Amino acid sequence: MQFATTTSPHVHLGNSVGRVMRRVVYALLPGLLALVWIFGPGVLVQAAIAVSTALAAEALMLTLRGKPLGRFLGDCSALVTALLLAIALPPLAPWWITVLGTGFAIIIAKHLYGGLGYNPFNPAMIGYVVLLTSFPREMSSWAAPLTLHGSTPDLATTLALVFGERSAETLDAVTSATVLDLLRTQIGLGHSVTEVRSSPVFGLLGARGWEWVNLAFLAGGLWMCRQRTAAWQIPAGMLGALAVISTLFWLVDAARFAPPWFHLFSGAAIFGAFFIATDPVSASTTPRGRLIYGAGIGVLTWVIRSVGGFPDGVAFAVLLMNIAAPTIDQYTRPRVFGARA
Amino acid sequence: MSVLNTITRLWRFHGGLHVPEHKAESNSAAIEALPLPAQLVLPLQQHIGAAARACVRVGERVHKGDALARADGYISAALHAPTSGTVVAIEPRPVAHPSGIPVLSVVLESDGRDEWGPNSLPTPIEDYLRLDPAYLRERVREAGIVGLGGAAFPTAVKLNAEGAIRVLVLNAAECEPYITCDDRLMRERAHAVIGGLLLMRRALGVKDCIIGIEDNKPEAAAALQAALEQFADDAEDVLLQQIPTLYPSGSEQQLIRVLTGVEIGRSRRPVDSGILCQNVATAAAVHDAVTEGRPLISRVVTVTGSGISTPRNLEVLIGTPLSALIEYCGGYTPRAARLIIGGPMMGLALPGDDLPITKGMNCVLVAGADDVSAPEESMPCIRCGECMNACPANLLPQQMYWHARAREFDKAQQVNLFDCIECGCCAAVCPSHLPLVQYYRFAKTEIWAAEREKKKAEQARARHEFHLYRLEREEAEKAARLQAKKSAAQQRGHEAETPAADPKQAAIAAALARAQAKKAAAKAEATAGESSNELSPEQLEKLAAARARAEAKRLAATQTAGEAANDATAALSPEQLEKLAAARARAEAKKAASAPAQANADAAPALSPEQLEKLAAARARAEAKKAASAPAQANADAAPALSPEQLEKLAAARARAEAKKAASAPAQANADAAPALTPEQLEKLAAARARAEAKKAASAPAQANADAAPALSPEQIEKLTAARVRTEAKKAAQEALAAATAAVAALDADAQEEAPTASPAAEATPAPLTEEQLARLAAARARAEAKKAAQSGKPASSDQEQ
Amino acid sequence: MLSAVFALTLLALTFGLLLGFASVQFRVEGDPLADRLDAVLPQTQCGQCGFPGCRPYAEAMARGEADFNRCPPGGQAGIEALAAVLGVEPKPLDPENGVEQAAMIAIVDENVCIGCTLCLQACPVDAILGSAKHMHTVISQECTGCGLCVAPCPVDCITLQPVPATLATWKWPSPLISANAQQEPARAAA
Ligand code: SF4
Ligand code: SF4
Ligand code: SF4
């Protein structure tokens, strides 16, 4: 009798790339639902566009690179990239924005760097940043939250806005500036944080409506950490560092700097901490390295939000720390078993 | 205070996995003895260290328990006949190794009687716990016991750490899934296990023992506890400690960590920390070896998995074919998909079951297709870090993987590749299904190979440098020789003009003729006979060559050197020729029948005809050895496990005896050719030869026997080197004189032969560098300085002579 | 203003001195280039590079008179090592010098050997043992497999054979290579 010879170990505990990626998708669901509830179905429309673009682009690139389609499409990594980008985009952004961003993320940021496992930067964030720098106007008009307007745009309006002609009036009726934007412009005009925060767009903790979305993301993220799909060190490091640095400055000058809970619960802080920064391929890989990497993102986010030129800094912070990840890994190797401390 | 009192808690190691245990399949099956197989194959290398040296001959009948092979070197283990029968072959056979390279094995055909020999068992010892530790260790060494947990490291070597050990750990964890042989052994023979533990404790001179057993084996733990109580006071300071079930807590390093908190890494051996780990099956084997005198000839093997009809635990003789185990357990089921030796995490998958059981095999796992992971297509690494979380050595498997894959082996080493214990945790959790462990093994073997190559290149460089230096020196010496010749010729007048103008040319021509002669040996002899009447130098040359060959073969056929010395003096007569022919026939016959031992083979120096002939005799024997490819011969002498030094002394002593004989042989014409050789010089040359021959024997793979041992040790090589240098020095010193004498004795036929021999012979002796010379050469490559170095180097090396 | 200029000048001077001191004090005494090149050559001494041994080739390379892709025994790995020493990009082996092949060892057929000592003189590392008119043999540990002894043998009794693999020298194949034939290699080996 002849048997196959493979190397040990001969058992595998059943983990797979597809399973890891699917878990990320599950963890995104609560946040996605919250987004729909607060901002209307726009995010679903964006997700649909992004996912179909991503799968098409992925299939195209895999074919061009001569990789087996079934195996690599089945890993769901393109799906995750597409969803992350769709969530980051304004729900009412025109369709070509989404297509462009997703295509760029998959084709350039992922496959031209070698595909799954080889991309040094988070593809979704590359797509987002490219859009943000190229189309700042489209990228900063967010749908107004439910709590502000009392209603969200229905599906028809959404579809019309996404795919149809975008007149300034209809747009203005359903969108509002994001809180971080508002904060920046107002502080730039000399108002104090407290003054600005009395604006109706602000809610209890951060931006009105956003608290709920962020809490949903937090729930999904914590579940993911529990499942060990994401390394807990990265969100812990990032949110911890963000909290510490914002508290420090807020204590020093509460008029110029927003309080820590505001930083944590508005914008993409929580979403970024759990879902963007934890992308394993481009993050640091050692336990201590991940804490440092997360902390770096936290600090950079605060810096960009407070003194930089863009309203939210998570995307840039993540990309900047991606660059530093290999170096961090190099200097944070764990002590090997038996090695003298 | 006992160290045990300080152990108040268990420790953790990083990572580890909960792998489905699958112990239930076989842990209720009591150990059964497998019926005697018809044939056993016993590889000489079943352990870590040097392969054992066979000490039986093909065709020899052995009893159960007789030694088949002896430990060869310090780290090696003896091998015993698992049953009575006949040795039918000693030849390379496939073993369970990923390479599939066959290993020299003793094939034993069972006679079905399974009887112990009168001498195979040393006397059993009743009061074994009061034995002298040194005697105990000797007993363990003689019994050929190796670590039975899988690594197969010779146990006696580990027990030699007397005094350095504070705590002896008995590894009863058996953490690999499926395997239950230790579990069963503890349940059924707990007394022997504890007895063995106490014996090893005594051999090591330690007081404190900890038995570490995973908490999934409560029955075994209870049995051990009961046995401990039986031993009562004798088993004081033995702590039975249950530990949580977590793979790989049965790995030595991890077990010691869990029990004592001490981490033993690559930089710190267990002994350095004063902790030694032994497996339970090893303990039982030690017990049997001491109390019954029973060598390690069988072991318990678990046969399990869904690919086998009835999983069982079997007591199996070493050397039994796997197929016999499979058959006894009801054969394969249709689900059988992979045959694994060892457990599913670290085991080795075999292509088929026609391989023998060796000492280190604890389990034969026939896995069904759904028990094992299919050789799945792997995805790229997504750097998820799962592998890092699982790694019990706290490594970064992912970074090791990237470097190994890119063949950046130095970087792989920087991320501590060699701390990897190949436990397989990383690959078992990798979402990308990467064959991580194979990458590590690949990288490790590549690094070792590169190191070997580097060493070899360095050696070659040194030898080449010496080669160049030697050529230069010889050039100078040749000039000196010519000078001497010229003056000798002037002194002796016209007589000197008769010898062949170019002895070397003549030698080559003659040699060519001999090559042809080989193709028609009878014809060559006839030619030689005719030639004896003529005195043309060329033909004399041929004649002498033929004679030398004949004599050599004759020597090979005769047993005593004394006879040889006498024969060598005989003149060439028709009867003699006949005798030679007869001798040749005998030699051929012997060759075919694998000649008996003539360990004095190695004692043939180079210069006098007798010695040349003896060298030829050595060659004949070497040929014989090869022809038979049987390792048995030289062992006859070497059997009592001679240490390398002893072998060397033996060779030297023989050489001395021969040299004396040669020196006292009746004077004849050709004695002139080597006039300056004193008996001591001859002796030294002989010793050098002996070593060279030994070395050569080592390089012939078919002769993994006595000769191989000394040749492999570095000191041996060094000594050989020194001897060669000495030989060279002596020859060089005599050469001018020899040449002159040869010229004088030009009309003498035998001298005629010798003259051309002398100079090539000098060149013939390779002379690598002594360390001292190496240093000198490195310091100054320039020719003048090299010469100087040689001049001062020569006396220095002769000082080293004993 | 003046003080700033002064401070900067002072700083520049201090650092300049420090750097100069360091470069003198901590200079790494590198081996001559030829030595470093020789160190990565395989020392087979076969002459395929067109030089009488590895050392002369290393010296020629160090003088810039020979290209670094001429050593077949070193193979591509050797060329890469040389390129690293020379600080240039590796290139493929020059086929004019030969092809890369597995390590070899010379074997004397001792039944045919006539003891002419010609091979012995050809061996660059004195790895052949024997004396006139008597069987010669090769010390396998010391043979570099250069093949220089093959041609001089008048009776053609020397052959080069690949060094046989043993359990101790066997190497695990890279999974990258065996991935192509997932189950096949071990079966073939068995
Ligand atoms: S578990 Fe596999 S995929 Fe994850 S980091 Fe390790 S090697 Fe890469
Ligand atoms: S095989 Fe090596 S790297 Fe992998 S988990 Fe085990 S010790 Fe760590
Ligand atoms: S080709 Fe031969 S002689 Fe030349 S460098 Fe390479 S190994 Fe040395």
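Chain C goes by Ion-translocating oxidoreductase complex subunit B in an unreviewed UniProt entry, where it is assigned to Plasticicumulans acidivorans. The UniProt entry for chain C carries the following comment under Subcellular location (unreviewed entry): "Cell inner membrane".

Chain A appears in an unreviewed UniProt entry as Ion-translocating oxidoreductase complex subunit D from Plasticicumulans acidivorans. In its Subcellular location (unreviewed entry) section, the UniProt record describing chain A reads: "Cell inner membrane". We quote the UniProt Subunit (unreviewed entry) comment for chain A here in full: "The complex is composed of six subunits: RnfA, RnfB, RnfC, RnfD, RnfE and RnfG."

Chemist: Explain the overall build of chain A to me, please; I cannot follow it from the model alone.
Modeler: Of regular secondary structure, chain A possesses 18 helices and two strands. Residues counted as buried form 58% of the 341 residues belonging to chain A. Of the contacts formed within chain A by residues at least 6 apart in sequence, a portion of 78% connects residues at least 24 apart.

Chemist: Would you mind showing me how to read unusual backbone geometry here?
Modeler: Negative phi values dominate among residues other than glycine, just as trans dominates among peptide bonds. A cis geometry characterises the amide bond from Ser 8 of chain A onward to Pro 9 of chain A, with omega recorded as -5 degrees. The residue Pro 9 of chain A is located in the segment before helix H1 (17-39) in this model. Residue Pro 248 of chain B follows Tyr 247 of chain B across a cis peptide bond; omega there is 0 degrees. Relative to the elements of secondary structure, Pro 248 of chain B occurs in the loop between strand S11 (238-243) and helix H6 (252-260).

Chemist: Looking at this structure, how should I read the interface of chain B and chain A?
Modeler: With 70 residues of chain B at the contact, the number on the chain A side is 38 residues. For the chain B and chain A pair, buried surface summed over both sides reaches about 4,700 Å², with 58% attributable to carbon and sulfur atoms. For Glu 263 of chain B, the salt bridge is made with Arg 335 of chain A, and the minimal N-O distance between the two is 3.0 Å. The interface formed by chain B and chain A includes 21 residue pairs in polar contact (both at pLDDT 80 or more). Contributions of two or more residues to the side of chain B that touches chain A are made by H6, strand S15 (336-341), strand S16 (348-350), helix H9 (386-390), helix H10 (397-405), helix H12 (425-429) and helix H13 (436-492) of chain B. Residue classes in the side of chain B that touches chain A are distributed as 38 nonpolar, 21 polar and 11 charged.

Chemist: What's the story with the site of ligand 3 in this structure? I'm lost.
Modeler: Close contacts around ligand 3 come from 14 residues, with Cys 46, Gly 47, Cys 49, Cys 54 and Cys 71 of chain C the closest. A class-by-class count of the residues in the shell around ligand 3 yields nine nonpolar, five polar and no charged.

Chemist: Explain the site of ligand 2 here, please?
Modeler: All names here are of chain B. Close contacts around ligand 2 come from 13 residues, with Cys 391, Cys 420, Cys 423, Gly 424 and Cys 426 the closest. Broken down by secondary-structure element, the contributors of at least two residues to the shell around ligand 2 are H10, H12 and H13. Partitioning the shell around ligand 2 into residue classes produces 11 nonpolar, one polar and one charged.

Chemist: How do you make sense of the UniProt feature "transmembrane region" (unreviewed entry) in chain A when you look at a structure like this?
Modeler: All names here are of chain A. Following the UniProt record, one finds the feature "transmembrane region" (unreviewed entry) at residues 24-57, 69-89, 230-252 and 258-278. Helix makes up 81% of residues 69-89 and strand makes up 0%, while its end C-alpha atoms are separated by 28 Å. Helix makes up 87% of residues 230-252 and strand 0%. Its end C-alpha atoms lie 34 Å apart.

Chemist: Could you clarify how one ought to interpret the environment of Leu 176 of chain C in this entry?
Modeler: Residue placement: Leu 176 of chain C occurs in helix H6 (residues 175-178). Apart from the residues within four sequence positions on either side, Leu 176 of chain C is in contact with Arg 405 and Tyr 439 of chain B.

Chemist: Which parts of the structure should I look at to understand the UniProt feature "binding site: [4Fe-4S] cluster 2" (unreviewed entry) in chain C?
Modeler: Residues and elements named next belong to chain C. The sites that UniProt annotates as "binding site: [4Fe-4S] cluster 2" (unreviewed entry) are Cys 113, Cys 116, Cys 119 and Cys 153. Taken along the chain, the residues just named run across 41 residues; in space they keep tight, none of their C-alpha pairs more than 10.3 Å apart. Along the chain, Cys 113 falls in the loop between strand S1 (104-108) and helix H5 (118-122). Note on Cys 113: relative accessible area 6%, which makes it buried. Within the element layout of this structure, Cys 116 appears in the loop between S1 and H5. The exposure class of Cys 116 is buried, given its relative accessible area of 13%.

Chemist: Explain helix H2 (residues 33-40) of chain C here, please?
Modeler: Every α-helix winds through 3.6 residues per turn, so residues three or four apart in the chain are directed the same way. Along H2 of chain C, the positions that sit buried rather than exposed are Ala 34, Leu 37 and Asp 38 of chain C. Projected down its long axis, H2 of chain C carries its buried residues within an arc of 100 degrees, all on one side.

About the thresholds
Residues numbered from 1 in each chain as written. Chains lettered and ligands numbered in written order. Predicted model: local features only at pLDDT ≥ 70, side-chain atom pairs only at ≥ 80, totals over all residues. Heavy atoms only, no water. UniProt positions renumbered as here; feature names shortened; annotations may be inferred. Helix = DSSP H or I, 4+ residues; strand = E, 2+ residues; numbered from the N terminus. Buried < 20%, exposed > 50% of the residue type's maximum accessible area, 1.4 Å probe, protein only. Contact = heavy atoms within 4.5 Å. Buried area = accessible area lost by both parts, 1.4 Å probe. Salt bridge = Lys/Arg side-chain N within 4 Å of Asp/Glu carboxyl O. Polar contact = N/O pair within 3.5 Å; in protein donor to acceptor, adjacent residues only side chain to side chain. Nonpolar A, V, L, I, M, F, W, Y, C, P; charged D, E, K, R; others polar. Near = heavy atom within 4 Å. Arc of directions from axis to C-beta.

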